[in-house]
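# Structural characterization, general
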Amino acid sequence: MAKELDVMDKIVSLCKRRGFVFPGSEIYGGFAGTYDLGHYGVMLRRNIVDCWVNAMTRDHDNIAQLDSSIFTAGKVWIASGHVGGFSDPLVVCKNCHGKHRADHLLEFVGVTADEKMSEKEINKLFDAHRNELHCPTCGEKNFGPVVAKNLLATSSLGMFEEGDEQVYLRGETAQGIYINYKNVLDSGAYHLPFGIAQVGKAFRNEISPRQFLFRKREFEQMEMQYFVDPKEALKIYEDWKRERLEYYDRLGIKKENLRFKQHENLVFYAKDAWDIQYNFPFGWSELEGIHYRGNYDLSQHQKFSGIDLSYYNDDTKERFIPHVIETSVGVDRTMLMVLADAYCEDEMNGDKRVVMKFDPQVAPIKIAVFPLLRNKPELVARAREVYTGLKKEFGAVMFDDNGNIGKRYRRQDEIGTPFCVTVDFDSLEKGDVTVRDRDTGKQERVAMSDFALYFTGKLKS
Ligand code: GAP
């Protein structure tokens, strides 16, 4: 993979040019921390989500799906600890009014701020290094005090009178799972251990959304909470860590770009926490968090709601509050990883090209079908027939007769289509076509009658 610093710029520009991702509210000058997905972005996202859902629910009979509301009773976020303890340390540059995270500025000069530090403690640390800290926007050394800024986004939904309970947009999908844990347990045939998996939007008032899809204010999470007997928790935690790393291998991500990192400082709810990090173009950073949350969340919701959330084990005759192993990854962050891992510049037949080497499972378009010439009705008609047949079988198939064959190949390379099928004059006589492989450029003749077998073998993993 090309690893220069400007790879991110190239990915951002390709995403816009080819209709994967557009900046949010662009015609109004943008809206920080938001991005909109174009046609191929929507398809890529859907494939990523499908892979995750399949890995959770097809590979595990004991994982249920859930789609909980974005809006919840305000008390959910008080009970979870997010209202009191979910904040990032904000500093504002007095010169240019740029807003930055104090811990990120300290990191630039090699100082680590513990996530558990109080506002007073981080101010002390910041003051000790004030002379070394420049504003990344204007270069001045003129910061105000550090303020703990809560990350929850507030809303006025359903609030009409002064004194109405404050409402929040969810800061993680996990809380929707905890407050439905009893519903799932009572309505399904589940016994410990069992999991609840959910994909959905989350919102955070990030101080400095950055690095494209990496840190957004509106983003999507794929989270699974696995409810376990505390006696089995540590073993199951290790199993999930191993399984989640193997999953990325199956998704076609290069092994050398993934690694584990244990958290040194644990957030308020965690007993142990590991990240799967990816080697993004800007360096190793968190892709997915795998957390051992103990019984913190269920205990808190039991306490605040007054509803018994304990579990009775019929075999051991024990009653306890289950512990939770969580796997949590962003859809957007996964998309950025998939884009970065696939991005490639190479030369084919003497021409430089950009090619997205997506694994076929996530490629937005699996096969593109071309008539050799667009002004020959008999070729176009046969190519349309081939296209319709393949579309029925494989779904994400595209008909392309725009520009010459070379241009069509470049376009399909940039959207990462694994196979291009060209219908030519021989096809009319012999009933075969040319199939071109995206990565090698190798072309072979394939009989139309063999398509189903040929592409099933290549596309389905
Ligand atoms: N329920 C646990 C939780 O939310 P987290 O580490 O704050 O933990 C989990 O977030 C995952 O969600 C991250 O590993 C990342 O993939 C994604 N994520 C978090 N904040 C994000 C943001 N601002 N933009 C995009 N993705 C984000």
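Whatever comes next refers back to the structure up there.
Residues numbered from 1 in each chain as written. Predicted model: local features only at pLDDT ≥ 70, side-chain atom pairs only at ≥ 80, totals over all residues. Heavy atoms only, no water.

## Regarding the pairing of strand 16 (residues 323-330)
Most of strand 16 sits inside the fold, with eight of its eight residues counted as buried. Relative to strand 16, strand 10 (residues 218-228) runs antiparallel, the two being bridged by eight bridges. Each residue of the ladder has a partner; that of Gln221, found in strand 16, is Gly330. Pairing geometry for strand 13 (residues 283-294) and strand 16, over six bridges, is antiparallel. Pairing of Gly294 across the sheet is with Val324, part of strand 16. (Buried < 20%, exposed > 50% of the residue type's maximum accessible area, 1.4 Å probe, protein only. Helix = DSSP H or I, 4+ residues; strand = E, 2+ residues; numbered from the N terminus. Pairing = 2+ DSSP bridges.)

## Topic: the site of the ligand
Taken together, 22 residues surround the ligand, and among them Glu172, Arg204, Glu223, Glu286 and Leu287 come closest. Here a nitrogen atom of the ligand and a backbone polar atom of Phe214 are 3.3 Å apart. Contact with the protein chains covers 93% of the free accessible surface of the ligand, which is 550 Å². Where the shell around the ligand is concerned, the elements lending two or more residues are strand 10, strand 13 and strand 16. At six residues, strand 13 tops the list of elements feeding residues into the shell around the ligand. (Near = heavy atom within 4 Å. Polar contact = N/O pair within 3.5 Å; in protein donor to acceptor, adjacent residues only side chain to side chain. Areas by Shrake-Rupley, 256 points an atom, 1.4 Å probe, with all protein chains shown as cover.)

## Digging into the packing of helix 2 (residues 39-58) against helix 11 (residues 331-342)
When two helices pack together, you describe them by how their axes are tilted relative to each other and by the distance separating the axes. The N-to-C vectors of helix 2 and helix 11 enclose an angle of 105°; their axes lie 10 Å apart at closest approach. Regarding the angle of helix 2 to helix 11, the classification is roughly perpendicular. Residues Gly41, Leu44, Arg45, Ile48 and Val49 of helix 2 form the contact with helix 11, whose own contacting residues are Val331, Thr334, Met335, Val338 and Leu339. Residue composition of the contact of helix 2 with helix 11, by class: seven nonpolar, two polar and one charged. (Axes fitted to C-alpha atoms, helices over the stretch in contact; angles between N-to-C directions. Parallel < 35°, antiparallel > 145°, perpendicular 65-115°, else oblique. Contact = heavy atoms within 4.5 Å. Nonpolar A, V, L, I, M, F, W, Y, C, P; charged D, E, K, R; others polar.)

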